[in-house]
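# Residue-level structure breakdown
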Amino acid sequence: METLSQLFTILLSTIKDVMPIIVIIFGFQLLVIRRPIPHLKRVLIGFVYVIVGLALFLLGLDKALFPIGELMAQQLTDPDFIRGSVATADETLHWSDYYWVYIFAFAIGASTTIAEPSLIAVAIKANEVSGGAIGVWGLRLAVALGVAVGISLGTWRIVTGYPIHWFIISGYIFVVIQTFFAPKLIVPLAYDSGGVTTSTVTVPLVAALGLGLASTVPGRSALIDGFGLIAFASLFPMITVMGYAQITEMVAARDRRKREEMVNKE
Amino acid sequence: MSNVFVALGRSMAGSVRDLLPIVLVIAFFQLMVLQQPVPDLVGLLTGLLCVVAGLTFFIYGLEMGLFPIGQVLAHAFARKGSLFWLLLFAFSLGFGTTVAEPALIAVAAEAATVAAEGGMIEATDSAKSSYASGLRYTVAFSVGLAIVVGVIRILKGWPIHYMIAVGYVMVIIMTGFAPREIIGIAYDSGGVTTSTITVPLVTALGVGLASSIEGRNPMVDGFGLIAFASLTPMIFVMAYGMVI
């Protein structure tokens, strides 16, 4: 019963979130474009599916994943847990003592990205537009790897306390340089994948990890150092997606060369 | 009718596969690393079932509703050929979907707390809430602007990397002048503004526009709107922190 009323509340708030989009789309459709939408009934049913699906998804996350994920983030960043691996209690902690935090950050970053609905949407579209050249799974795995690396580097930054803008600025410089060597077709998609990775699933868990870590590491302020993980998670996918395209292109070029050599020998 | 069930069943299997990694990671850390029992197993399992069903419906509805409508609108605007209405639509889409975004509301509230603690504003509730809503409208405006710039880029066929590089340079310069407290939040705000429904819609719009204008390649010109939408909030949030 409680779950049902919760579902109802979430459904209402999802509808409230989607309302502006629906008003804008149908407002422009009716007042500016003034043309009937093809397959209107199908489109409307699709919208209902999207809203119901999103509400169920959020309800499930709220009930199942977020409580346990946030609890784990707290437990893993708890000084008592981290001290367990250090011999004496009064010894100051070295950044390397936090290794479980980095491993957790990597694993949770990768796994939540795989389940991110907006990334699935972009991957489907990219696959369709590129005529199958960009695989749905290839793109999703490349982005997941980027988020994983980004978040574990971000947690390391919180532990060590280096200023965030050093990392972000060097990341940007790297992205700009890599752009000139990456296949032209992938560049806009790679830039996009920075922004799509972090929505419904990743943000709450990652925010809990960052805030938990910043409030337990001595000398860090949760308010100043707790933020910034999302920024890392949106920077690194650009690098890995371009890297994915560069590697696929290299492999394809090598195969082509091999085939030509075979033909020449014959 | 049976086709619908086959399709639903297939995407359900896909959703299970998509969620499996999270379940494995959580189980491994809970049982092996932290060595604790799983609390509330029944709640966890019902929750997971909801997530699987929800993801299935979402993906199903995506291809039925969101993608087609984005495409149809893009084609209709391209045929109509009115730049003004297209740009107004682009702006309202960016602004309207961002201003009500729950993640943004949460981040704006955090930012107000930080600002109050840093002594930038008074530590009263009314000062904080006006700071937070000011920030929210600033970010929403910046996303609207980003979609407009992105659409103009698609129409003109400008290469994206120069524009993004200019954006980065602006972010870097602003970082030097913005109050230290706001920087982390500003960088994060780029990532949180693009919601689960906005992304498919905006992507379909971009690809639809690029494919209905002659001489544009949907792969090269169609993508990139999200990139602008995650760049401008950083600049505007830092500017907001500097002005207030």
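Residues numbered from 1 in each chain as written. Chains lettered and ligands numbered in written order. Predicted model: local features only at pLDDT ≥ 70, side-chain atom pairs only at ≥ 80, totals over all residues. Heavy atoms only, no water.

### Some details on the overall build of chain A
In terms of helices and strands, chain A carries 11 helices and 0 strands. The linear arrangement of helices and strands in chain A, starting from the amino end, is α-α-α-α-α-α-α-α-α-α-α. Structurally, chain A occupies a C-alpha span of about 70 × 70 × 30 Å along its principal axes. The proportion of buried residues among the 266 residues of chain A is 53%. Within chain A, residue pairs in contact and separated by at least 24 positions form 78% of the contacts whose partners lie at least 6 positions apart. Carbon and sulfur atoms make up 67% of the accessible area of chain A, which amounts to about 11,900 Å² in all. Both charge centroids of chain A, one from 18 positive and one from 18 negative side chains, sit 14 Å from each other. (Helix = DSSP H or I, 4+ residues; strand = E, 2+ residues; numbered from the N terminus. Buried < 20%, exposed > 50% of the residue type's maximum accessible area, 1.4 Å probe, protein only. Contact = heavy atoms within 4.5 Å. Areas by Shrake-Rupley, 256 points an atom, 1.4 Å probe, with all protein chains shown as cover. Lys, Arg positive; Asp, Glu negative; His and termini not counted. Charge placed at Lys NZ, Arg CZ, Asp CG, Glu CD.)

### Description of the overall build of chain B
Helix and strand counts for chain B stand at 10 helices and 0 strands. N-terminal to C-terminal, the α/β element order of chain B is α-α-α-α-α-α-α-α-α-α. Overall size of chain B, expressed as C-alpha extent along the three principal axes, is 55 × 50 × 30 Å. Across the 244 residues that make up chain B, the buried fraction comes to 57%. In chain B, the proportion of contacts linking residues at least 24 apart, taken out of those at least 6 apart, comes to 79%. With 10 positive and 12 negative side-chain charges, chain B shows a separation of 14 Å between the mean positions of the two kinds.

### Brief notes about the pattern of salt bridges
One pass over the full model with this rule turns up 2 salt bridges over all chains. A:Lys125 serves as the salt-bridge partner of A:Glu128, at 3.6 Å between the closest nitrogen and oxygen. Highlighted residues: A:Glu128 and A:Lys125, both in helix α5 (residues 117-129), separated by 3 residues, approximately one helical turn. Linking A:Arg140 and B:Asp18 is a salt bridge whose minimum nitrogen-to-oxygen distance equals 2.9 Å. One end of the pair, A:Arg140, is in helix α6 (residues 136-160); the other, B:Asp18, is in helix α1 (residues 2-33), on a second chain. Residue classification places A:Arg140 among the buried positions, given a relative accessible area of 3%. (Salt bridge = Lys/Arg side-chain N within 4 Å of Asp/Glu carboxyl O.)

### A closer look at the packing of aromatic side chains
Tallied over the full model, the rule gives 24 aromatic pairs over all chains. Each ring, one from A:Phe28 and one from B:Phe89, has its centre 4.9 Å from the other, and the planes form 75°; the classification is edge-to-face. Taken together, the residues span two chains, with A:Phe28 in helix α1 (residues 2-33) and B:Phe89 in helix α3 (residues 83-99). With respect to burial, A:Phe28 and B:Phe89 carry one shared label: buried. Through pairs of rings, three or more aromatic residues link up here, namely A:Phe28, B:Phe77, B:Phe84, B:Trp85 and B:Phe89. Geometry around B:Phe67 places A:Lys125 over its ring, the cationic atom sitting 4.4 Å from the centre. (Phe/Tyr/Trp six-rings, centres within 6.5 Å; stacked < 30°, edge-to-face > 60°. Lys NZ or Arg CZ within 6 Å of the ring centre and 35° of its normal.)

### What to know about the nonpolar core
Ranked by size, the top nonpolar core spans 160 residues in total, and within it A:Leu189, A:Tyr191 and B:Tyr187 carry the most contacts. Among all residues touching A:Leu189, those that are not within four sequence positions of it are A:Val122, A:Ala126, A:Ile134, A:Leu139, B:Met219 and B:Phe223. A:Ile10, A:Leu59, B:Cys50 and B:Ala53 belong to the second largest nonpolar core, which has 6 residues in total. (Core = buried A, V, L, I, M, F, W, Y, C linked by side-chain atoms within 4.5 Å.)

### Regarding the interface of chain B and chain A
Each side of the interface is counted separately: chain B has 94 residues, and chain A has 88 residues. Buried area between chain B and chain A, summed over both chains or domains, comes out near 8,300 Å², and the portion from carbon and sulfur atoms is 81%. Sorting the residues of chain B by area buried against chain A places B:Met64, B:Tyr168 and B:Met219 first, and these three jointly supply 9% of that buried surface. Our enumeration of links across chain B and chain A arrives at 1 salt bridge. Along the contact surface separating chain B from chain A lie 9 residue pairs in polar contact (both at pLDDT 80 or more). Residue contributions to the side of chain B that touches chain A peak at 29 residues, all from helix α2 (residues 41-80) of chain B. Looking at the side of chain B that touches chain A, its residues break down into 63 nonpolar, 21 polar and 10 charged. (Buried area = accessible area lost by both parts, 1.4 Å probe. Polar contact = N/O pair within 3.5 Å; in protein donor to acceptor, adjacent residues only side chain to side chain. Nonpolar A, V, L, I, M, F, W, Y, C, P; charged D, E, K, R; others polar.)

### Let's talk about the side chain of B:Arg153
Residue and element names in this part refer to chain B. Here Arg153 lies in helix α5 (residues 125-156). Buried within the structure, Arg153 lacks any salt-bridge partner; its nearest side chain of opposite charge belongs to Asp221, at an N-O separation of 4.3 Å. Within the structure, the side chain of Arg153 is placed 2.8 Å from the backbone oxygen of Phe223, a separation counted as a polar contact. Residues in contact with Arg153, not counting those within four places in the same chain, are Trp158, Pro159, Ile160, Met163, Val220, Asp221, Phe223 and Phe228.

### Digging into the environment of B:Glu63
Looking at where B:Glu63 falls in the secondary structure, it is placed in helix α2. Separated by 28 residues in the primary sequence, B:Glu63 and B:Phe91 place their C-alpha atoms 24 Å from one another. Excluding anything up to four places from it in sequence, B:Glu63 contacts A:Ile124 and B:Pro68.

### A short note on the packing of α5(A) against helix α8 (residues 198-212) of chain B
How two helices pack is summed up by the angle between their axes together with the distance between the axes. Remark: α5(A) packs on α8(B), axes separated minimally by 9 Å, with the N-to-C direction vectors making an angle of 20°. By the criterion of interaxial angle, the relationship of α5(A) to α8(B) is roughly parallel. In this structure, α5(A) crosses over α8(B), and the sense of that crossing is right-handed. Between α5(A) and α8(B), the contacting residues are A:Ser118, A:Ala121, A:Val122, A:Lys125 and A:Val129 on the first element and B:Val199, B:Pro200, B:Thr203, B:Ala204 and B:Val207 on the second. Here the residues of the contact of α5(A) with α8(B) sort into 7 nonpolar, 2 polar and 1 charged. (Axes fitted to C-alpha atoms, helices over the stretch in contact; angles between N-to-C directions. Parallel < 35°, antiparallel > 145°, perpendicular 65-115°, else oblique. Left-handed = near helix turned anticlockwise from the far one by under 90°.)

### Notes on the confidence of the model for chain A
For chain A, the average pLDDT comes to 84, and 94% of its residues sit at 70 or higher. When pLDDT is averaged over each helix and strand of chain A, the minimum, 71, is found for helix α10 (residues 222-225) of chain A and the maximum, 92, for α6(A). (pLDDT = per-residue confidence, 0-100.)

### What to know about the environment of B:Val23
Position of B:Val23 among the secondary structure elements: in helix α1. When the C-alpha positions of B:Val23 and B:Ile244 are compared, they lie 44 Å apart, and in sequence the two are 221 residues distant.

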